[in-house]
Amino acid sequence: MGDKLESKKLATKANVSIVPGFIGEVGDNPDEIKKICNEIGYPVMIKASAGGGGKGMRIAHNDKSAIEGYRLAKAEAKSSFADDRILIEKFVVEPRHIEF
């Protein structure tokens, strides 16, 4: 599932646990970006909906780094994947990867 936004929506409908975050495309309004990040709680991961390999991903620890991270992630996503949609989710500091 290469489209992270649609994957999160599908997982939510199926009652599958996902990383907490904003389920939807984030707009370009700095106030909206800050509001979303503060509702989630810092640190957050700002990431491209498309692609992978770490491209279009930024970690933000405050409002200032969130605005800058959003701008950089969006530009990199557009350049790398021709899709500049961005999502924001909680950054998991010490994640554990589980394989099935």
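Residues numbered from 1 in each chain as written. Predicted model: local features only at pLDDT ≥ 70, side-chain atom pairs only at ≥ 80, totals over all residues. Heavy atoms only, no water.

Student: Help me out: how do you make sense of the environment of F81 in this one?
Tutor: Structurally, F81 can be placed in helix α3 (residues 63–81). Along the chain, F81 and E25 lie 56 residues apart, while their C-alpha atoms are 16 Å from each other. Apart from the residues within four sequence positions on either side, F81 is in contact with A48, A50, G51, G52, K55 and E76. (Helix = DSSP H or I, 4+ residues; strand = E, 2+ residues; numbered from the N terminus. Contact = heavy atoms within 4.5 Å.)

Student: Explanation requested: helix α2 (residues 30–40) in the structure shown.
Tutor: The set of residues buried in α2 consists of I33, I36 and C37. Seen along its axis, α2 keeps its buried residues to an arc of 95 degrees; they face one direction. In α2, those exposed residues whose orientation departs by more than 90 degrees from the buried face are D31, K35 and E39. On its buried side, α2 packs onto β1 (44–48), α3 and β3 (86–90). (Buried < 20%, exposed > 50% of the residue type's maximum accessible area, 1.4 Å probe, protein only. Arc of directions from axis to C-beta.)

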